[in-house]
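The primary structure of each chain is shown beneath.
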Amino acid sequence: MIERVEETLRNLLSDPSAAVREAASESMDRLRAKRAVEDFRSRLLGGGIEERLRVVYAAGEMGGGEGVSLLLQALSDASAEVRGAAVRALAPFPSPQVLKSLWEMLPKEHGVVLGNLLETLGASGRKELAPHVEKFFDHADPEVRAKAVAAYSRMVGEGGWEKVLARAADPSDSVRAAVAAALGGYPSNRP
C-alpha cells in the first residue's frame, strides 16, 4: 500500500494545480520524516555511540513531535554522553512531558549529565522547578553547584536572589563565577 501512496504523491507533484503540488510535497515530506524517525529509532537501539550521538543531534534539529520522541528515548541510553547530549538537545522543547522526564532524571544522574539537566531545566524558566534545582547548591561537585546556581537564577522569583547571593562565598571559583554571572541578570527595575 505504501508504494501506491508514494506513487500517487509523485504523480501529484506534477499536477497543474499549485495547491495540489504543494499538498503532495508536504505529504511526501511527512512520509519521509516518518521513515527517517523509524530508522533513527533503530539506530538508537542498536548503533554505536557515534551513531547514537548523530541521531540525537539530528533529532534536535528535526524538532517537532518526532524529534522530541527520539530525544526522550535517548534519555534512557546506557551512555552518559548520549544522555547528556539528549538533555541539551531538549532545551528548546520545554513541554510539560519533557520537563517531567528531565526532572525525574535528577536523582539518578551525576557529572556532566546532571549539569546538563540543571542547565536545561534552568533554561525553561519554570519557577516551580526552582526548589528542585536549589537542592544541588550543596552538591559535592563544584561544577554541578555552579550549574545549579546559574539554572536557579533563571527560575528565581523575587525572594530567591538572597539564596544566589549566599553562594558568593563558595570555596569554588566556578561557583563564585556563576554567582557573578547570575547577578548580571538581576532585574534592574527592582530595589
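Asker: Report on the pattern of salt bridges, specifying residues and quantitative values.
Answerer: What the rule picks out here adds up to 13 salt bridges. The residue Asp-77 makes a salt bridge to Arg-52 at a minimum N-O spacing of 2.8 Å. With a gap of 25 residues between them, Asp-77 in the loop between helix H4 (64–74) and helix H5 (80–89) and Arg-52 in helix H3 (residues 49–62) connect regions that are remote in the sequence. Here Arg-52 falls in the buried class, since its relative accessible area comes to 13%. Note that Arg-126 and Glu-128 form a salt bridge whose closest N and O atoms lie 2.7 Å from each other. Given a relative accessible area of 32%, Arg-126 falls into the partly exposed group. What emerges from the salt-bridge pattern is a single network uniting Asp-39, Arg-43 and Glu-51.

Asker: Tell me what's going on with the packing of aromatic side chains, and back it up with residues and numbers.
Answerer: Aromatic rings in a pair are described by how distant their centres are and how their planes are angled relative to each other. For the structure shown, the criterion picks out two aromatic pairs. Measuring from centroid to centroid gives 5.1 Å for Phe-137 and Tyr-152, while their planes differ by 75 degrees, and the two rings are edge-to-face. Taken together, the positions of Phe-137 in the loop between helix H8 (130–134) and helix H9 (142–155) and Tyr-152 in helix H9 put the pair 15 residues apart, joining distant regions of the chain. Comparing Phe-137 with Tyr-152 shows no difference in burial state: the two are buried.

Asker: I'd like a description of the confidence of the model for the protein, backed by residues and values.
Answerer: Here the protein shows a mean pLDDT of 91. Residues at 70 or above account for 98%. Across the protein, the secondary-structure element scoring lowest on mean pLDDT is helix H2 (residues 18–46), at 87, and the one scoring highest is H5, at 97.

What counts, and at which threshold
- Residues numbered from 1 in each chain as written.
- Predicted model: local features only at pLDDT ≥ 70, side-chain atom pairs only at ≥ 80, totals over all residues.
- Heavy atoms only, no water.
- Salt bridge = Lys/Arg side-chain N within 4 Å of Asp/Glu carboxyl O.
- Helix = DSSP H or I, 4+ residues; strand = E, 2+ residues; numbered from the N terminus.
- Buried < 20%, exposed > 50% of the residue type's maximum accessible area, 1.4 Å probe, protein only.
- Phe/Tyr/Trp six-rings, centres within 6.5 Å; stacked < 30°, edge-to-face > 60°.
- pLDDT = per-residue confidence, 0-100.

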